[in-house]
Amino acid sequence: MTTKFSICVIAVIVLSAGPAWAGKDEVDFVTRASIGNLFAITESQLAIEHASDPKLKAFARQLVAAHEKAAAELQSAAEGSGATVSSSLDADHQRRVAELQGKSGADFDKSYAADQGENHSNLLTLYADYMLLGDNPKLKPLAIRMIPLTEQELKGAQALSGN
């Protein structure tokens, strides 16, 4: 019931915001989703090593496992679509990882949780947009499956950051 309600709320938000997906194709979806996965994995691996909060380290381990699985599913779903899964972060995400590497202690923990909150919020919007407006028969079901998982990860990141 909660998942159906959440999907409905996301649909209303996306539709009321206008055609955010208009003109975008599978390449954009796959690129953005794969970079989101890579960013979650990269920062979470740093958090496993450097976080001071044991709860945050446990969350980071969960994210690594979940996003490695999501990346493999995206790779499989993207086959034949003309889109290629990104194997590296874009400049913005590389900069954010470098900034996180320069932090320690509570400052590191706070920044990591905030980064992952933003990352998962963006991924949730991406998946909801594609659920509503995408048309690839392999990518659309993937986007739909990812919504409740991403929503749960977003809630976890928000709880750790105090939001």
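In this text, all values refer to a predicted model and were calculated from it rather than measured experimentally.

1. Focus on the environment of Leu 100
Phase 1 of the analysis: Following the sequence through the fold, Leu 100 ends up in helix H4 (residues 91–101).
Phase 2 of the analysis: Dropping the residues within four chain positions of it, Leu 100 is found in contact with Glu 43, Leu 46, Phe 108, Ser 111 and Tyr 112.

2. Re the nonpolar core
Phase 1 of the analysis: Ranked by internal contacts, the top residues of the largest apolar core, which has 22 residues, are Phe 29, Val 30, Leu 74, Tyr 127, Leu 139 and Ile 147.
Phase 2 of the analysis: Broken down by secondary-structure element, the contributors of at least two residues to this core are helix H2 (26–50), helix H3 (54–78), helix H5 (105–133) and helix H6 (139–161).
Phase 3 of the analysis: Sorting elements by how many residues they give to this core places H5 first, with 7 residues.
Phase 4 of the analysis: Core analysis: the next-biggest nonpolar cluster, separate from the first, contains 16 residues, Ala 47, Leu 56, Leu 89 and Ala 113 among them.

3. Comments concerning the side chain of Ser 44
Phase 1 of the analysis: When you line up the elements, Ser 44 lands in helix H2.
Phase 2 of the analysis: Ser 44 gets classed as buried once you look at its relative accessible area, which sits at 0%.
Phase 3 of the analysis: At 2.6 Å, the side chain of Ser 44 and the side chain of Tyr 112 are in polar contact.
Phase 4 of the analysis: Ser 44 has contacts with Ala 60, Leu 63, Val 64 and Tyr 112, leaving out every residue within four places of it along the chain.

4. What to know about the packing of H3 against H6
Phase 1 of the analysis: For the pair H3 and H6, the least separation of the axes is 11 Å and the interaxial angle reads 170 degrees. Accordingly, the angle class assigned to the pair H3 and H6 is roughly antiparallel. In this structure, H3 crosses over H6, and the sense of that crossing is left-handed. In this structure, H3 contributes Lys 55, Leu 56, Phe 59, Leu 63, Ala 66, His 67, Ala 70, Glu 73, Leu 74, Ala 77 and Ala 78 to the contact, and H6 contributes Leu 139, Leu 142, Arg 145, Met 146, Glu 153, Gly 156, Ala 157 and Leu 160.

5. Describing the pattern of salt bridges
Phase 1 of the analysis: As enumerated under the stated definition, the model contains 7 salt bridges in all.
Phase 2 of the analysis: Between Asp 28 and Arg 32 there is a salt bridge, with the nearest N and O atoms lying 3.3 Å from each other. Of this pair, Asp 28 and Arg 32 both sit in helix H2, 4 residues apart, which is roughly one turn of that helix.
Phase 3 of the analysis: Asp 115 is paired through a salt bridge with Arg 96; the nearest N and O atoms lie 3.5 Å apart. Residue Asp 115 is found in helix H5, and its partner Arg 96 is found in helix H4; the two are separated by 19 residues along the sequence. Across the pair, Arg 96 and Asp 115 agree in class, each one buried.
Phase 4 of the analysis: What emerges from the salt-bridge pattern is a single network uniting Asp 92, Arg 95, Arg 96, Glu 99, Asp 115 and Glu 118.

Reading the values: the criteria
Residues numbered from 1 in each chain as written. Predicted model: local features only at pLDDT ≥ 70, side-chain atom pairs only at ≥ 80, totals over all residues. Heavy atoms only, no water. Helix = DSSP H or I, 4+ residues; strand = E, 2+ residues; numbered from the N terminus. Contact = heavy atoms within 4.5 Å. Core = buried A, V, L, I, M, F, W, Y, C linked by side-chain atoms within 4.5 Å. Buried < 20%, exposed > 50% of the residue type's maximum accessible area, 1.4 Å probe, protein only. Polar contact = N/O pair within 3.5 Å; in protein donor to acceptor, adjacent residues only side chain to side chain. Axes fitted to C-alpha atoms, helices over the stretch in contact; angles between N-to-C directions. Parallel < 35°, antiparallel > 145°, perpendicular 65-115°, else oblique. Left-handed = near helix turned anticlockwise from the far one by under 90°. Salt bridge = Lys/Arg side-chain N within 4 Å of Asp/Glu carboxyl O.

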